[in-house]
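Fold and contact review
These are the residues of each chain, in order.
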Amino acid sequence: MTWKECNKMDQKLKFVARLLEGEQMASLCREFNISRKTGYKVWNRYKEVGLEGLNDRSRRPYRQANQLPFQLESQIIAFKKEKPHWGAPKIRELLRRKYPNIQHLPATSTVHAILDRNGLVKKRKNKRYKARGTQLNHVTQSNDLWCADYKGEFLMGNKQYCYPLTITDYHSRFLLNCEALESTRESLAIPSFEKTFMEYGLPKVIRTDNGVPFSSPNALYGLSKLSVWWLRLGIQIERIRPGHPQENGRHERMHLTLKKEATKPAGRNTLQQQQKFEDFIYEYNFERPHQALEMKSPSELYSRSPKIYRGLPNIEYNMHDKEITVTSCGRICLHGKKINFSTVFAGQLVGIKEVHDQIWLVSFMHYDLGYFDEESKRFEPLMDPFGSKVLPMSSE
């Protein structure tokens with residue numbers, strides 16, 4: 001409850017005057033529509049300093065965060081202008097050396113705030129991953145290359161969208177999986193791939209586009225949790241160039257046939273639509289002759305992969321100083337410090353090695369990802385951590 005805004009000072013004067021006449025605090029507070037806590041506060045201020053106590057007090061804090069004496073702040077600015085490439089930690093150390101008698105040396109964050117207020121901090125632009133595609137290979141053996149994609153979503157009879165996840169073998173064109181999913185979320189895609197791996201084994205390479213969930217444009221190197229999982233399984237990654245679906249032409253051609261024969265008309269619900277997909281898979285693999293296969297069916301050419309899926313293998317970093325599990329929020333925690341790394345590696349074990357004083361190299365499996373400075377707590381990725389074997393950049 002508050003005072004009437006029309007004339008707050010007059011209300012307070014009347015309130016105090018009636019208290020001086022002997023009226024009760026509780027009844028006056030009800031009449032003036034204020035809490036008793038507010039009433040006692042006004043009364044106590046009046047008794048302490050008189051009428052001046054009835055004026056509103058400033059809400060400005062007694063102490064301003066990151067605020068230093070003018071002379072000290074000026075010296076920090078002067079040091080920065082002398083050493084324009086030095087950051088807040090080095091400026092603070094220079095201040096400590098030049099003025100060792102300062103009793104309360106400002107924190108690094110305070111020095112940084114002063115430099116920032118005076119326009120002496122150069123804002124760094126975040127490096128956004130730009131999808132370019134990778135080198136694409138032509139294979140002549142089953143399971144050397146699988147292709148995966150989502151056929152465009154469509155409405156089922158119950159007005160719900162269906163997102164078919166499709167996986168084919170590049171060489172034989174064998175349709176390994178076509179599953180009706182409710183979205184392109186990783187949480188749905190990973191179990192679908194796991195089921196396929198359990199049935200047919202593991203491929204050497206998987207080719208996809210740069211869309212979700214195969215890639216994440218805001219993550220480290222465009223990786224996603226799904227593609228990191230593939231890397232853990234020893235599967236290499238190929239990606240077509242954005243806007244070039246013909247680079248996954250065999251798979252796209254299968255999508256045209258799938259659309260004609262299994263989605264028109266669509267099923268009434270997910271169960272009915274999945275049954276239509278199962279019927280299509282059998283016909284496509286075992287009955288339908290393919291001109292590109294010299295009128296053979298894919299089942300005549302395909303054989304199960306000899307590489308059996310047994311879950312994720314263990315990772316060891318014998319050549320590193322420490323093994324650290326990335327936190328659920330994508331951080332590396334070392335010596336009480338938190339370094340922002342990447343959420344797509346959440347829960348994954350990485351190896352770190354100190355290559356210089358407080359400079360650490362971060363590796364995932366046998367791939368070196370980048371470095372972080374323990375002082376600045378900033379991770380700097382390498383240009384091409386995977387080399388030409390897994391994620392080479394295509395030439396343009």
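Quick notes on the overall build of the protein
Counting its secondary structure elements, the protein contains 11 helices and 13 strands. By the compact-globule yardstick of 21 Å for 396 residues, the protein is too spread out, its C-alpha radius of gyration being 34 Å. Dimensions along the principal axes, computed over C-alpha positions, put the protein at roughly 105 × 60 × 35 Å. Of all 396 residues assigned to the protein, the portion counted as buried reaches 42%. Of all intrachain contacts in the protein linking residues separated by at least 6 positions in sequence, the fraction that spans at least 24 positions is 58%. Here the protein displays about 23500 Å² of accessible surface, and carbon together with sulfur accounts for 48% of that area.

Structural notes on the nonpolar core
If you look at the biggest cluster of nonpolar residues, it comprises 49 residues, and the most contacted ones within it are F193, F197, W230, F341, F345 and F364. For this core, the leading source of residues is helix α8 (residues 225-232), giving 5 residues. In terms of nonpolar packing, the next biggest core, distinct from the first, is built from 13 residues, F154, M254, F280 and I281 among them.

Section: the pattern of salt bridges
For the coordinates displayed, the defined rule picks out 10 salt bridges. Across the salt bridge formed by R18 and E23, the nearest N and O atoms sit 3.1 Å from each other. Judged by its relative accessible area of 30%, E23 is partly exposed. Bridged by salt links that share partners, the residues R18, E23 and E31 form one connected network.

Looking at the packing of helix α1 (residues 8-20) against helix α3 (residues 36-49)
As a packed pair, α1 and α3 sit with axes 11 Å apart at the nearest point and diverge in direction by 80°. Taken together, the axis directions place α1 and α3 in an arrangement best described as roughly perpendicular. Counted together, F15, V16, L19 and L20 of α1 and G39, V42, W43 and Y46 of α3 form the full contact between these two elements. The residue makeup of the contact of α1 with α3, split by class, is 7 nonpolar, 1 polar and no charged.

Examining the packing of aromatic side chains
The way to describe two aromatic rings as a pair is by their centre distance and the angle between their planes. Summed over the entire model, instances satisfying the criterion amount to 20 aromatic pairs. Here Y150 and F214 contribute two aromatic rings whose centre-to-centre distance is 5.8 Å and whose plane-to-plane angle is 40°, an arrangement assigned as tilted. Within this pair, whereas Y150 is found in strand β1 (residues 146-150), its partner F214 is found in the loop between β5 (205-208) and α8, the two being separated by 64 residues in sequence. Overall, the relative accessible area of 12% leaves Y150 in the buried class. Put simply, the rings of W146, Y150, F193, F197, F214, W229, W230 and Y309 touch in pairs and so form one group of aromatic residues. It is R250 that lies over the ring of Y170; its NZ or CZ is 4.0 Å from the centre.

Quick look at the environment of L181
Topologically, L181 is positioned in strand β4 (residues 175-181). Judged by its relative accessible area of 8%, L181 is buried. The spacing of L181 and Q236 is 55 residues in sequence and 25 Å in space, taken between C-alpha atoms. Those residues in contact with L181, other than ones at most four positions away along the chain, are Y150, Y161, C162, Y163, L165 and L188.

So, the side chain of N285
Mapped onto the secondary structure, N285 falls in helix α10 (residues 270-287). At a separation of 2.8 Å, a polar atom in the side chain of N285 contacts the main-chain amide nitrogen of L175. Filtering out sequence-adjacent residues up to four positions away, N285 remains in contact with R173, F174, L175, S297, P298 and S299.

Points about the pairing of strand β3 (residues 161-169)
The buried fraction of β3 is high, at 7 of 9 residues. As judged from the 2 bridges shared by strand β2 (residues 154-155) and β3, these two strands associate in the antiparallel manner. Bridge pairing in β3 links L155 to Y161. Taken together, β2 and the strand that follows it, β3, pair antiparallel across an intervening segment of 5 residues, in which K159 is found at a positive phi of about 70°.

Some words on the packing of helix α5 (residues 88-98) against helix α6 (residues 108-117)
Where α5 contacts α6, the axes come no closer than 9 Å and their chain directions differ by 110°. By the criterion of interaxial angle, the relationship of α5 to α6 is roughly perpendicular. Of the residues in α6, those in contact with A88, P89, I91 and R92 of α5 are T108, V111, H112 and L115. Here the contact of α5 with α6 is built from residues that sort into 5 nonpolar, 2 polar and 1 charged.

Comments concerning the confidence of the model for the protein
The predicted coordinates should not be examined in detail at positions where pLDDT is low. The predicted model of the protein averages 88 in pLDDT, with 91% of residues at 70 or higher. Segment residues 387-396: pLDDT under 50, and 23 contacts once partners within four positions in sequence are set aside and those in other chains are kept.

Regarding α8
Every α-helix winds through 3.6 residues per turn, so residues three or four apart in the chain are directed the same way. Taking burial as the measure, the 8 residues of α8 include 7 buried ones, the bulk of the element. Among all positions of α8, only L226, S227, V228, W229, W230, L231 and R232 are buried.

Some remarks on the pairing of β4
Of all 7 residues in β4, 7 are buried; the element is thus mostly enclosed. Strand direction decides the pairing type here: β3 and β4, joined by 6 bridges, are antiparallel. By the bridge assignment, T166 is partnered in β4 with C178. The turn joining β3 and β4, which pair antiparallel and follow one another in sequence, is formed by 5 residues; a positive phi near 65° is taken by R173.

So, how was this worked out
- Residues numbered from 1 in each chain as written.
- Predicted model: local features only at pLDDT ≥ 70, side-chain atom pairs only at ≥ 80, totals over all residues.
- Heavy atoms only, no water.
- Helix = DSSP H or I, 4+ residues; strand = E, 2+ residues; numbered from the N terminus.
- Rg over C-alpha atoms; globule rule 2.2 N^0.38 Å.
- Buried < 20%, exposed > 50% of the residue type's maximum accessible area, 1.4 Å probe, protein only.
- Contact = heavy atoms within 4.5 Å.
- Areas by Shrake-Rupley, 256 points an atom, 1.4 Å probe, with all protein chains shown as cover.
- Core = buried A, V, L, I, M, F, W, Y, C linked by side-chain atoms within 4.5 Å.
- Salt bridge = Lys/Arg side-chain N within 4 Å of Asp/Glu carboxyl O.
- Axes fitted to C-alpha atoms, helices over the stretch in contact; angles between N-to-C directions.
- Parallel < 35°, antiparallel > 145°, perpendicular 65-115°, else oblique.
- Nonpolar A, V, L, I, M, F, W, Y, C, P; charged D, E, K, R; others polar.
- Phe/Tyr/Trp six-rings, centres within 6.5 Å; stacked < 30°, edge-to-face > 60°.
- Lys NZ or Arg CZ within 6 Å of the ring centre and 35° of its normal.
- Polar contact = N/O pair within 3.5 Å; in protein donor to acceptor, adjacent residues only side chain to side chain.
- Pairing = 2+ DSSP bridges.
- pLDDT = per-residue confidence, 0-100.

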